[in-house]
Amino acid sequence: MAVPVAFFGLFFAYPVTAIVGRGLKAGGDWQFGRIGDVLARPDILDVLWFTTWQAFASTALTLLIALPGAYVFARFDFPGKQLLRAVVTVPFVLPTVVVGTAFLALLGRGGLLDELWGVRLDTTVWAILLAHVFFNYAVVVRTVGGLWSQLDPRQEEAARVLGAGRFAAFRRVTLPALGPAVAAAALMVFLFTFTSFGVVQILGGPAYSTLEVEIYRQTAQLLDLPTAAVLTLVQFAAVGAILAVHAATVRRRERALKLVDPDLTSRRPRGPGQWALLGGVLLTALLLILLPLGVLVERSFDGPGGYGFGYYEALQSAGSGSSSTFLVPPLEAVGNSLRYALVATLIALVVGGLAAAALTRRAGRLVRGFDALLMLPLGVSAVTVGFGFLITLDEPPLDLRTSWILVPLAQALVGVPFVVRTMLPVLRAVDDRLREAAAVLGASPLRAWREVDLPLVRRAVLVAAGFAFAVSLGEFGATVFIARPDNPTLPVAVARLLGRSGELNYGQAMALSTILMLVCAVSLLLLERIRTDRSGEF
């Protein structure tokens, strides 16, 4: 636990505490009375209510739509499976401003629904909920599907032989085994929607505001740091309470499971019911995932003189429409993002892997509390973290404001929770008797981990690496404050272009978004091939 505790204490707790302290202090004295004053305001109460219920609604809708997809990817083998798995993960790495813009093109004025049926859903809750499902679909598919693919299907088949129906066997055998993974996925989706920013700001309009949107508005537009500090504390407390309930309830359901090679559990669909389920999942992916992505790609080629590569060619120069926005050609953001994401992924795997290993030991309340604390970066305002980095990491011995490592550190803060939540259910499912048997045969703890744990969790490690790499590519909230102008990341570059008027800037933003999609899809496809190539080693 030493390394994860030190990492979170230095790069999360310290910056957040510093920025909140500045907001609640006046003349050197703490002003705790501001908390009650802020929470008594009707407009703030409306923001709290909307933030909470839309997060619950988004989580429930995401689970309802994505769980069939998790089953299909875990149990079925069909042509193009690896490619489709990579494609459905692409939305998760897109900056939320791009997701909001894509759905605005579909659901807003002049969008696809407006042109076909005269229906507009922008500035409605439905647009926000659908965008959240689009964004978080891969979280459920990969987190739940990763464990589902390693569950021995013969246990459910044995229950059916003993007289249980298909649904009863699933409810009594498979669902309890999947409980921790489903809860982990639901927790991550809830935290992301609870702190939603770009989607709500673009699609909700002035009528809807989450805590994250309100913190940004109070900080950047109204310069009201005390109100922003109070809202940050409220967000922090709410997320902490949710994590505590999650840790207390899920831990009772965890147990050792019999894990098998996923390649032995997947097969081609059989019967009309399974083919219909596969068709439904493919149709959902087409309408929910591919259609919004297709809009972005189409707009990246739709230039003033017709379809072509004009916007992509403009990315190679720092002049023209982007001369006052970038010190370097926007295309350099691709290389910057890849380098930052690789370093952030390595940091997240080391810190998250150590944390997950410590949490498998079940060493009392301290470890259980640490389990909840690891998820806090997903529930605390990225605006607060970014400002905190600027005001705390600017003096020796940690003067990092001009260092390139600052961006990967901020990205790793978001990647570590995904590593922990992905690896932990699988690590806890490993039977302790296997480790004990290795120890009886003379294996050291390190060798027992290498020979017993690692082969069983190798797939979970690769899934965790994919998640960490994906969220690092798409991290925007904190990075926008600390990325240097001469080394922008892809999300920062897209946001800068979208923030300026002009058709050229908008087209370049769509082109960069398309490049980000392709980079993510290729990276995840390579990851899928690595997982498949090593499946025979288990």
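Throughout this description, residue numbers start from 1 for each chain and increase along the sequence as written. Predicted model: local features are reported for residues with pLDDT of at least 70 only, side-chain atom pairs are reported and counted for 80 or more only, and whole-chain, interface and lining totals are derived from all residues. To get the side-chain values, all heavy atoms of the structure are used, and hydrogens and water are removed first.

**Looking at the overall build of the protein**
Per the convention used, a helix needs a DSSP run of H or I reaching at least four residues, while a strand needs a run of E reaching at least two, with both numbered from the N terminus. Secondary structure summary: the protein contains 24 helices and six strands in total. Exposure is judged per residue with a 1.4 Å probe applied to protein chains only, and the accessible area is read against the type maximum: over 50% gives exposed, under 20% gives buried, and values in between give partly exposed. Residue burial in the protein is summarised as follows: out of 538 residues, 54% are buried. Residues count as neighbours in contact if any of their non-hydrogen atoms are within 4.5 Å of one another. Sequence separation of 24 or more characterises 79% of the internal contacts of the protein that already satisfy a separation of 6 or more. Per-residue accessibility takes into account occlusion by the displayed protein chains alone, with areas from the Shrake-Rupley method and a 1.4 Å probe. Of the roughly 22700 Å² that the protein leaves accessible, carbon and sulfur atoms contribute 64%.

**Topic: a positive patch on the surface**
Patches in this entry comprise residues that are over 30% relatively accessible and not in a salt bridge; like charges within 9 Å are linked, as are nonpolar side chains (Val, Leu, Ile, Met, Phe, Trp, Tyr) within 5 Å. Salt bridge criterion: a side-chain nitrogen from Lys or Arg within 4 Å of a carboxyl oxygen from Asp or Glu. Charged residues are defined here as Lys and Arg on the positive side and Asp and Glu on the negative side; His and the ends of the chain fall outside this count. Lys charges are placed at NZ, Arg charges at CZ, Asp charges at CG and Glu charges at CD. Judged by side-chain charge, Arg160, Arg166, Arg267 and Arg270 come together as a positively charged surface patch. Topologically, Arg267 is positioned in the loop between helix 12 (225-250) and helix 13 (271-301).

**A few points about a nonpolar patch on the surface**
Where nonpolar side chains cluster on the molecular surface, the patch consists of Leu112, Leu116, Trp117, Val119, Leu283, Leu286, Leu287, Leu290 and Leu291 and spans about 840 Å² of accessible area. Sorting the residues of the nonpolar patch by element identifies helix 6 (112-117) and helix 13 as the ones contributing at least two each. With five residues, the top contributor of residues to the nonpolar patch is helix 13.

**Remarks on helix 7 (residues 125-148)**
Multiply 1.5 Å by the residue count of a helix minus one, and that product is the helix's expected span. Look at helix 7: 32 Å from first C-alpha to last across 24 residues, which is about the 34 Å you get at 1.5 Å a residue. Approximately 45° is the largest bend angle found in helix 7, and it occurs at Asn136. Across the 24 residues of helix 7, 21 count as buried, placing the element largely inside the fold. We define the bend at each residue as the angle formed by axes fitted to the 7 residues ending at it and the 7 residues starting at it.

**A look at the packing of helix 15 (residues 332-359) against helix 23 (residues 490-498)**
Throughout, an axis means a line fitted to C-alpha atoms (over the contacting stretch in the case of helices), and angles, computed between N-to-C directions, take values from 0 to 180 degrees. Packing of helix 15 against helix 23 leaves a shortest axis separation of 8 Å and a crossing angle of 145°. Counted together, Ala333, Val334 and Ser337 of helix 15 and Leu490, Pro491 and Ala493 of helix 23 form the full contact between these two elements. Each residue gets one label: Ala, Val, Leu, Ile, Met, Phe, Trp, Tyr, Cys and Pro are nonpolar, Asp, Glu, Lys and Arg are charged, and the others, such as Gly, are polar. In terms of residue class, the contact of helix 15 with helix 23 is built from five nonpolar, one polar and no charged.

**Section: the environment of Val3**
Mapped onto the elements of the fold, Val3 is located in helix 1 (residues 2-24). With relative accessibility at 43%, the residue Val3 sits in the partly exposed group. In this structure, the C-alpha to C-alpha distance between Val3 and Leu354, residues 351 residues apart in sequence, is 7.6 Å.

**A word on the nonpolar core**
Counting 154 residues, the largest nonpolar core has Phe7, Phe389 and Phe418 as its most contacted members. Side-chain atoms within 4.5 Å link the members of a nonpolar core, which is a set of buried Ala, Val, Leu, Ile, Met, Phe, Trp, Tyr and Cys residues. Ranked by size, the runner-up nonpolar core spans five residues in total, among them Val430, Ala443, Ala448 and Val452.

**As for the side chain of Thr514**
Position of Thr514 relative to the elements: it lies in helix 24 (residues 503-533). A polar atom in the side chain of Thr514 sits 2.9 Å from the backbone oxygen of Met510. Once residues within four sequence positions are removed from consideration, Thr514 is found in contact with Leu296, Val297, Ser300 and Tyr312. Within 3.5 Å is the distance limit for a polar contact, defined as a pair of N or O atoms, with the added protein rule that one can donate a hydrogen and the other accept it, and that residues adjacent in sequence qualify only through two side-chain atoms.

**Points about the pattern of salt bridges**
Enumeration according to the criterion identifies three salt bridges in this entry. Close ionic contact of Arg41 with Asp43 constitutes a salt bridge, the shortest N to O distance being 3.1 Å. Asp43 gets classed as partly exposed once you look at its relative accessible area, which sits at 34%. The partner of Glu214 in a salt bridge is Arg217, with the nearest N and O atoms 2.7 Å apart. Residue Glu214 and its partner Arg217 are located together in helix 11 (residues 211-221), separated by three residues, close to a single helical turn. Exposure remark for Glu214: the relative accessible area of 5% places this residue in the buried category. Using a relative accessible area of 31% as the deciding quantity, one classes Arg217 as partly exposed.

**So, the side chain of Thr479**
For Thr479, the position within the fold is in helix 22 (residues 479-482). Under the relative-accessibility criterion, Thr479 is labelled buried at 0%. A distance of 2.2 Å separates the side chain of Thr479 from the side chain of Glu475, its partner in a polar contact. Those residues in contact with Thr479 that lie beyond four places of it in its chain are Val407, Gln411, Thr489 and Val492.

**Structural notes on the confidence of the model for the protein**
Note: pLDDT gives the predictor's confidence per residue, expressed from 0 to 100. Of the residues in the protein, 88% reach a pLDDT of 70 or more, and the chain-wide mean stands at 79. Ignoring residues within four places in sequence, the model shows residues 534-538, a span with pLDDT below 50, making eight contacts including any to other chains.

**Observations concerning helix 18 (residues 382-392)**
The buried fraction of helix 18 amounts to eight of the eleven residues, a majority that puts the element mostly inside the structure. Buried residues of helix 18: Ala382, Val383, Thr384, Val385, Gly386, Gly388, Phe389 and Thr392, and no others.

**Overview of the environment of Gly294**
For Gly294, the location among the structural elements is in helix 13. Through-space distance from the C-alpha of Gly294 to that of Ala102 is 9.1 Å; in sequence the pair is 192 residues apart.

**Let's talk about the environment of Phe476**
Tracing the chain through its elements places Phe476 in the loop between helix 21 (445-474) and helix 22. Taking the C-alpha atoms as reference points, Phe476 and Val383, 93 residues apart in sequence, are found 9.5 Å from one another.

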